[in-house]
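The chain contents come next:
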Amino acid sequence: MQPDVKAFFDDATNTVSYIVREPEGRACAIVDSVLDYDQAAGRTDTKSADEIIAWVKSEDLQVAWILESHVHADHLSAAPYLQEHLGGKIGIGSNITVVQDTFGKVFNEGTAFQRDGSQFDALFNEGDSFHIGQMRADVLHTPGHTPACLTYVIGDAAFVGDTLFMPDFGTARCDFPGGSAEDLFGSIQKILTLPDETRIFVGHDYKAPGRDEFAWETTVGEQKALNVHIGEGRPMEEFVAMRQQRDAKLGMPRLILPSLQTNMRAGHFPEPEDNGQRYFKVPINTL
Ligand SMILES: [Fe+2]
């Protein structure tokens, strides 16, 4: 089964959002949406999400699911806004509870912040499956970048979030709290057991040396042969050393603080203070 996949690229955060739909039928899922955010002004915008809404309406689709591959650290999720306008259930990996526990502490959230994933409509585990209309989606737990990362396998399409990037760019960083290069290596091997012709849709693209166009679709076969970090059967020890060395040089993503505080709440903002205003916190010298 080959679902139709429509990609939306967000230049501001290099994020790719997807609408995956039944080849025949109107049911679809939205994967990894973006809520635009102007950090300097503390102001959100729905331009990116509105493009998705417009597409869903123009194609007369029915949104069954709004899926998150993980708690993103570089952009805010538009899941609640999309749900309000299009319906559908919001799903994420069950290890969201680990992420909520970690960042609940980082942001000194009070007891009002539930660490049980209850902000989401569904929590998925390894081996779970669910349906998008007649289409079956299978869940792979693929931790490493974060503890809650999932890959959604829908027909011949795998939405890998931030595990693998395009073959010429490599793999995702593993240095956020709860990340693990060893886990990422194992997760990638799991993805690479899918048939070679499986289409892989990545969560971000940053171009790569020698490539001038953004790209987000590749295959398992291409990744096995060509991925600059794990291709041609690179051994785990080598991968882990390379990954840790690279991660040590990376700065924090520009939007990590507002992103985490929003996305760990399924895309909702922190509760308002007694003046009715919502705020993001900035923990000093912590991340
Ligand atoms: Fe990420």
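Just so we're clear, the structure is a prediction, and the values are computed from it rather than from any experiment. (Residues numbered from 1 in each chain as written. Predicted model: local features only at pLDDT ≥ 70, side-chain atom pairs only at ≥ 80, totals over all residues. Heavy atoms only, no water.)

(A) Spotlight on helix H4 (residues 181-191). If you check which residues of H4 are buried, you get Ala181, Leu184, Phe185, Ser187, Ile188 and Ile191. Along the axis of H4, the buried residues cluster in a sector spanning 165°; they form a single face. Its buried side turned inward, H4 meets strand E10 (135-141), strand E11 (150-154), strand E12 (157-161), strand E13 (199-202), helix H5 (220-226) and helix H6 (236-247). Capping the start of H4, serine 180 holds a side-chain oxygen 3.4 Å from the backbone nitrogen of glutamate 182, two or three residues further along. (Buried < 20%, exposed > 50% of the residue type's maximum accessible area, 1.4 Å probe, protein only. Helix = DSSP H or I, 4+ residues; strand = E, 2+ residues; numbered from the N terminus. Arc of directions from axis to C-beta. Contact = heavy atoms within 4.5 Å. Polar contact = N/O pair within 3.5 Å; in protein donor to acceptor, adjacent residues only side chain to side chain.)

(B) Main features of the nonpolar core. By size, the foremost hydrophobic cluster in this structure holds 36 residues, and its most contacted members are Ile19 and Leu82. Among the elements that take part in this core, helix H1 (residues 47-58) stands out by supplying four residues, more than any other. Those residues within four positions of leucine 82 in sequence are excluded, and the remaining contacts are Ile30, Ser33, Ala49, Ile52, Ile53, Ile66 and Gly87. Ranked by size, the runner-up nonpolar core spans 24 residues in total, among them Ala172, Cys174, Leu192 and Val202. (Core = buried A, V, L, I, M, F, W, Y, C linked by side-chain atoms within 4.5 Å.)

(C) Representation of the pairing of strand E2 (residues 15-21) within the structure. Taking burial as the measure, the seven residues of E2 include seven buried ones, the bulk of the element. Every second residue of E2 is oriented toward a common face, with Thr15, Ser17, Ile19 and Arg21 on one face and Val16, Tyr18 and Val20 on the other, all of them buried. Sheet topology note: the strand E1 (residues 4-10)/E2 ladder contains seven bridges and is antiparallel. Bridge pairing links lysine 6 to isoleucine 19 in E2. (Pairing = 2+ DSSP bridges.)

(D) The arrangement of the packing of aromatic side chains in detail. One pass over the full model with this rule turns up 17 aromatic pairs. Ring geometry for phenylalanine 9 against tryptophan 216: centres 5.6 Å apart, planes inclined by 20°, an arrangement best described as stacked. Of this pair, phenylalanine 9 sits in strand E1 while tryptophan 216 is found in the loop between E13 and strand E14 (217-219), placing the two residues 207 residues apart along the sequence. For phenylalanine 9, a relative accessible area of 21% corresponds to the partly exposed category. Centroid distance tyrosine 37 to phenylalanine 280: 5.8 Å. Interplanar angle 85°. Geometry classified as edge-to-face. Residue tyrosine 37 is found in strand E4 (residues 36-38), and its partner phenylalanine 280 is found in the segment after helix H7 (256-263); the two are separated by 243 residues along the sequence. With relative accessibility at 25%, the residue phenylalanine 280 sits in the partly exposed group. An aromatic cluster is present here, built from Trp65, Phe124, Phe130 and Tyr152 joined pairwise through their rings. (Phe/Tyr/Trp six-rings, centres within 6.5 Å; stacked < 30°, edge-to-face > 60°.)

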